[in-house]
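What the coordinates show
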Amino acid sequence: MLKIRPATPSDAVALAEFHVRIWRDTYRDLAPAAAYDQLDAERRLPSWLSLLQSDCPKSGAFLAEECGEIKALISFCPATSGMPKQMIEVTHLYVCDSTRGHGLGRRMLQTVFDHVTPHQGICLAVVKENTSARGFYQKLGGQEAGTFIDKGPLWKSNNICVEWPASPT
């Protein structure tokens, strides 16, 4: 049975590995080869540990698992540069291929809304060329609200800010 639960520091290694696997599948044809080659779980682990050890109530992560296997993850924090400061920013939302199309992405977003507050908006950045994700966010009522260049640790990508001023359900 699929279960969504808060991620803990003991999940950091598994989350870093899942993150990299799904990122590589998603950005294989979008990211420059150098960025694709540089991203690995070892590089992502410190970020996951930092997030999961934070005591900020508006930061954290949830994972969906089935039989001990991660099927989706979502992480969030107070909005960073390029995002509306009054919102909570979803920094990662990854769903494995085998569970896409069954409402899990929507459930993960709703979990963040429910955790933070149903009245505070959520935003996220999506790479402009990631048309699949953009369509998904639009289907859930996300509004594209601006563009910016994410200088990122691996590559400069054209991003679109997507906003939900209220819960997507």
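Residues numbered from 1 in each chain as written. Predicted model: local features only at pLDDT ≥ 70, side-chain atom pairs only at ≥ 80, totals over all residues. Heavy atoms only, no water.

Section: the pairing of strand S7 (residues 157–164)
For clarity, the threshold we go by: Exposed residues in this analysis have more than 50% of their type's maximum accessible area, buried residues have under 20%, and partly exposed residues fall in between, with area computed by a 1.4 Å probe over protein chains only. Under the DSSP-based scheme used, a helix requires at least four consecutive residues in state H or I and a strand at least two consecutive residues in state E, with every element numbered from the N terminus. Strands pair, by our definition, only if DSSP identifies at least two bridges between them.
With 6 of 8 residues buried, S7 is to be regarded as a mostly interior element. Sheet analysis places strand S5 (residues 122–127) next to S7, joined by 6 bridges and oriented antiparallel. The partner of Cys 123 across the bridge, within S7, is Glu 163. When strand S6 (residues 143–150) meets S7, the two strands line up antiparallel, connected through 6 bridges. Looking at S7, one finds that Glu 144 is bridged to Val 162. The antiparallel pairing of S6 with S7 creates a hairpin that spans 6 residues between the two strands, and Gly 152 there sits at a positive phi of about 40 degrees.

Topic: unusual backbone geometry
With phi around 55 degrees, Cys 67 is a residue other than glycine that occupies positive phi space. For Cys 67, a relative accessible area of 77% puts it in the exposed group.

Describing the packing of helix H1 (residues 12–27) against helix H3 (residues 41–53)
Quick reminder of the rule: In this analysis, axes come from line fits to C-alpha atoms, helices being fitted only over the stretch in contact, and the angle between any two N-to-C directions falls in the range 0 to 180 degrees. If an angle is under 35 degrees, it is roughly parallel; if it is over 145, roughly antiparallel; if it lies from 65 to 115, roughly perpendicular; otherwise it is oblique. A crossing counts as left-handed when the near helix is turned anticlockwise from the far one by less than a right angle, and as right-handed when that turn is clockwise. Residue contacts are defined here by distance: any two heavy atoms, one from each residue, within 4.5 Å place the two residues in contact. Residues are grouped as follows: Ala, Val, Leu, Ile, Met, Phe, Trp, Tyr, Cys and Pro are nonpolar; Asp, Glu, Lys and Arg are charged; every other residue, Gly included, is polar.
It is the contact of H1 with H3, at a shortest axis distance of 8 Å, that shows an interaxial angle of 130 degrees. Looking at the two axes, H1 sits oblique to H3. The hand of the H1/H3 crossing is right-handed. For the pair H1 and H3, contact is made by Ala 12, Val 13, Leu 15, Ala 16, Glu 17, His 19 and Val 20 and by Ala 41, Arg 44, Leu 45, Trp 48, Leu 49 and Leu 52, respectively. In terms of residue class, the contact of H1 with H3 is built from 10 nonpolar, 1 polar and 2 charged.

Limitation: the analysis is restricted to geometry and does not speak to function.
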